[in-house]
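# Topology and contacts: notes
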Amino acid sequence: MNVPFESCEQMLAFNRNRHLSLTELAILYESARGGLSRKEIVHKMIDIVRTMKSSLKTGLAGTRYKDRILGCQSALYREKQKSERLMDLGILNRIILYVTALMEAKSVMGLIVAAPTAGSCGGLPGTVLGAADVMGRSESEIAESMLAAGLIGIFISTFSTFAAEVAGCQAECGAGSGMAAAALVTLMGGTTENAVAAASMALQNSLGMICDPVANRVEVPCLGKNVMAAGNAVSCANMALAGYDPVIPLDEVVAQPLLAILWDLMLEVAQEGFGRALAIQARLRLFLVQLQRLCLEARRTDPPSAAEVWLEEYRRLIDQHFLSKRNVQDYAGLLGISSAHLTNL
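Residues numbered from 1 in each chain as written. Predicted model: local features only at pLDDT ≥ 70, side-chain atom pairs only at ≥ 80, totals over all residues. Heavy atoms only, no water.

### Overview of the pattern of salt bridges
Note on pairing: side chains with opposite charge can pair once their charged atoms come close. Applying the stated rule across the entire model yields six salt bridges. Residue glutamate 139 is joined to lysine 53 by a salt bridge in which the shortest nitrogen-to-oxygen separation is 3.9 Å. Of this pair, glutamate 139 sits in helix H7 (residues 139–159) while lysine 53 sits in helix H3 (residues 38–60); the two residues are 86 residues apart in sequence, bridging distant segments of the chain. Through salt bridges with shared partners, a single ionic network connects Arg50, Lys53 and Glu139. (Salt bridge = Lys/Arg side-chain N within 4 Å of Asp/Glu carboxyl O. Helix = DSSP H or I, 4+ residues; strand = E, 2+ residues; numbered from the N terminus.)

Shown next, in the form of structure tokens:
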């Protein structure tokens, strides 16, 4: 599969002289990946948006289901809002209502879009649909913002995970929040850089969220975390549109090499079996090596040499493609240098 970029950094470099919106970049990616035309891609996303709206309608109509923890919360929110017994949060009140309704549609086994997962199916759709309704945006504009969100999701799935059981709710609700923040910026006509900054900030704000469902049901505290993810997305979208500096690039927030190694280490400690001690030792060594690299980078004042830049990019490519069978010549081609040059480095 030949796609124009595989990381956010590559995408921004690809777009440096093109100045395309995040939506257009998403369409380019999907077209290269699936061989679809622009019209087909947008039409498919409109179909997905209509499914989200149908799920929302189910939730807003009121839901009942015997085997669940929470009753119908969205009806309570709507009633209190109509009687003006809630604080005036503007657009956020509509978003909270929609996020709740979508989570309730999921809890009664209704049809939903797992965007990005079933446990976080309220955050992204509820935020975008709620904001779009208040702002009077069209179905096509909603679809375009969802395509932008989807591209952020591509980067997350490539370098990390959506699974809460693997990396906690920072990976599930956090991913949904980052995607929603980028979608909101797109909905507001912000730049690609604005959208990426919003996604980075929203993910940074979600780090450390654990997966702790009550009674193994995806209801409590999952509903609250989806609502929190939505509020986080709204805040970060406005911060990015205002020009706030996210400081940490999106790829670095997603990849987090030190946290990834520590997570693997925690899993090994929790397990039993042959080779466990060796696996723990290997991961500790990896952690120390990565830590030393970060310390050296923090201390240096002079810019890296050309050879160091090539080697760092080589390491990154190996980390990215370690599951595929590639030789030195393949990596040299990706770097744009000869295999002899790469070997000499």
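### A closer look at the side chain of serine 107
Its location among the elements puts serine 107 in helix H5 (residues 91–107). Reaching out from serine 107, the side chain makes a polar contact with the side chain of lysine 106 at a distance of 3.2 Å. Not counting residues up to four positions away in its chain, the partners in contact with serine 107 are Tyr65, Arg68, Val218 and Glu219. (Polar contact = N/O pair within 3.5 Å; in protein donor to acceptor, adjacent residues only side chain to side chain. Contact = heavy atoms within 4.5 Å.)

### Examining the environment of alanine 332
Within the secondary structure layout, alanine 332 lies in helix H16 (residues 328–335). Once the C-alpha coordinates of alanine 332 and leucine 342 are considered, the two residues, ten residues apart in sequence, prove to be 6.2 Å apart. In this view, alanine 332 contacts Ile337, Ser338, Ser339 and Leu342; residues no more than four positions away in its chain are not counted.

### Observations concerning unusual backbone geometry
Residues apart from glycine generally show negative phi values, whereas peptide bonds are mostly found in trans. Cis peptide bonds are those with omega within 30 degrees of zero, and the linkage from alanine 115 to proline 116 qualifies with 5 degrees. As for its position among the elements, proline 116 is in the loop between H5 and helix H6 (123–135). Of the consecutive residues valine 220 and proline 221, the connecting peptide bond is found in the cis state with omega at 0 degrees. Relative to the assigned elements, proline 221 resides in the loop between helix H10 (192–206) and helix H11 (222–241). Even without being glycine, glutamate 84 reaches a positive phi, approximately 55 degrees. With relative accessibility at 71%, the residue glutamate 84 sits in the exposed group. The phi dihedral of valine 247 is positive, around 65 degrees, even though this residue is not glycine. (Buried < 20%, exposed > 50% of the residue type's maximum accessible area, 1.4 Å probe, protein only.)

### Details of the packing of H6 against helix H9 (residues 169–187)
Following both chains from N to C, one finds H6 and H9 inclined at 20 degrees, their axes separated by 8 Å at the closest point. When the axes of H6 and H9 are compared, the pair comes out roughly parallel. Considering the relative orientation of H6 and H9, their crossing is right-handed. Residue-level inspection shows Gly123, Leu124, Thr127, Val128, Ala131, Ala132 and Met135 of H6 in contact with H9, the latter providing Gly176, Met179, Ala180, Ala183, Leu184 and Leu187. Of the residues belonging to the contact of H6 with H9, the class tally is ten nonpolar, three polar and no charged. (Axes fitted to C-alpha atoms, helices over the stretch in contact; angles between N-to-C directions. Parallel < 35°, antiparallel > 145°, perpendicular 65-115°, else oblique. Left-handed = near helix turned anticlockwise from the far one by under 90°. Nonpolar A, V, L, I, M, F, W, Y, C, P; charged D, E, K, R; others polar.)

### Focus: the confidence of the model for the protein chain
Within the protein chain, residue pLDDT values average 88, and 88% of them lie at 70 or more. No element of the protein chain has a lower mean pLDDT than helix H13 (residues 257–270), at 59, and none a higher one than H6, at 98. (pLDDT = per-residue confidence, 0-100.)

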